[in-house]
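Survey of secondary and tertiary structure
Residues per chain are reported as follows:
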Amino acid sequence: PVLRDIRRAEVILVGSYPFAIFFTKLGIGMYDYASNGFDSDYAPSIFGGKEKAARTSEETGQLLLYALCVSAAITSADYIIGKIKEKKELENKRNN
């Protein structure tokens with residue numbers, strides 16, 4: 001069971017990472033857009049903006065780290081939810 005949990009965590013972490021990058025970039029883009037007075041030049045590219053705010057390599061690294069943290073949080077939440085479900089199933093089997 002432990003290896004299965006580790007494999008599941010790996011799959012969820014790696015699988016959620018691209019989505020986490022997308023949504024983290026979108027969130028940072030929305031922050032830049034709002035902090036620049038909703039100037040359309042700073043709107044995220046998904047909304048047709050030019051994203052004038054050029055990212056430095058340090059900012060890109062931070063974005064990727066934030067996305068990794070989001071993926072790790074998703075993986076942790078999945079693990080916790082799975083353990084709660086297992087515990088409830090075990091209790092149901094004992095009661096029947």
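What counts and how
Residues numbered from 1 in each chain as written. Predicted model: local features only at pLDDT ≥ 70, side-chain atom pairs only at ≥ 80, totals over all residues. Heavy atoms only, no water. Helix = DSSP H or I, 4+ residues; strand = E, 2+ residues; numbered from the N terminus. Rg over C-alpha atoms; globule rule 2.2 N^0.38 Å. Buried < 20%, exposed > 50% of the residue type's maximum accessible area, 1.4 Å probe, protein only. Contact = heavy atoms within 4.5 Å. Areas by Shrake-Rupley, 256 points an atom, 1.4 Å probe, with all protein chains shown as cover. Lys, Arg positive; Asp, Glu negative; His and termini not counted. Charge placed at Lys NZ, Arg CZ, Asp CG, Glu CD. Salt bridge = Lys/Arg side-chain N within 4 Å of Asp/Glu carboxyl O. 1 Å grid on protein atoms, 1.4 Å probe; cavity = no way out; pocket = protein on both sides within 12 Å on 5 of 7 lines; lining within 4 Å. Points joined across faces, edges and corners; volume = space filled by probe spheres on them. Nonpolar A, V, L, I, M, F, W, Y, C, P; charged D, E, K, R; others polar.

**Examining the overall build of the protein**
A count of helical and extended segments in the protein gives 2 helices and 0 strands. Against the 2.2 N^0.38 benchmark of 12 Å for 96 residues, the protein shows a C-alpha radius of gyration of 19 Å, more extended than a compact globule. Counting only C-alpha atoms and orienting by the principal axes, one finds that the protein spans roughly 65 × 25 × 20 Å. Every one of the 96 residues in the protein was classed for burial, and the buried ones make up 16%. Put simply, of all contacts in the protein between residues at least 6 apart along the chain, 56% involve residues at least 24 apart. As displayed, the protein offers around 7400 Å² of accessible surface, 63% of which is attributable to carbon and sulfur atoms. Within the protein, one finds 13 positive and 12 negative side-chain charges whose respective centroids are separated by 9 Å.

**Some thoughts on the pattern of salt bridges**
Enumeration over the complete set of coordinates arrives at 5 salt bridges. Salt-bridge contacts for D5 lead to K83; the nearest nitrogen and oxygen are separated by 3.0 Å. Remark: K83 occurs in helix α2 (residues 57–95) and D5 occurs in helix α1 (residues 2–35); sequence separation between them is 78 residues. Looking at K83, the relative accessible area reads 30%, which means it is partly exposed.

**Focus: the layout of surface pockets**
Estimates place the volume of the largest pocket at around 220 Å³. R4, D5, R8, A9, T75, D78, Y79, G82, K83 and E86 are the residues that line the largest pocket. When residues of the lining of the largest pocket are traced back to their parent elements, those giving at least two are α1 and α2. With 6 residues, α2 is the largest single contributor of residues to the lining of the largest pocket. Among the residues forming the lining of the largest pocket, the class breakdown is 2 nonpolar, 2 polar and 6 charged.

**Looking at unusual backbone geometry**
At F38, a residue that is not glycine, the phi angle is positive and equals roughly 60°. With respect to the helices and strands, F38 occurs in the loop between α1 and α2. Note on F38: relative accessible area 52%, which makes it exposed.

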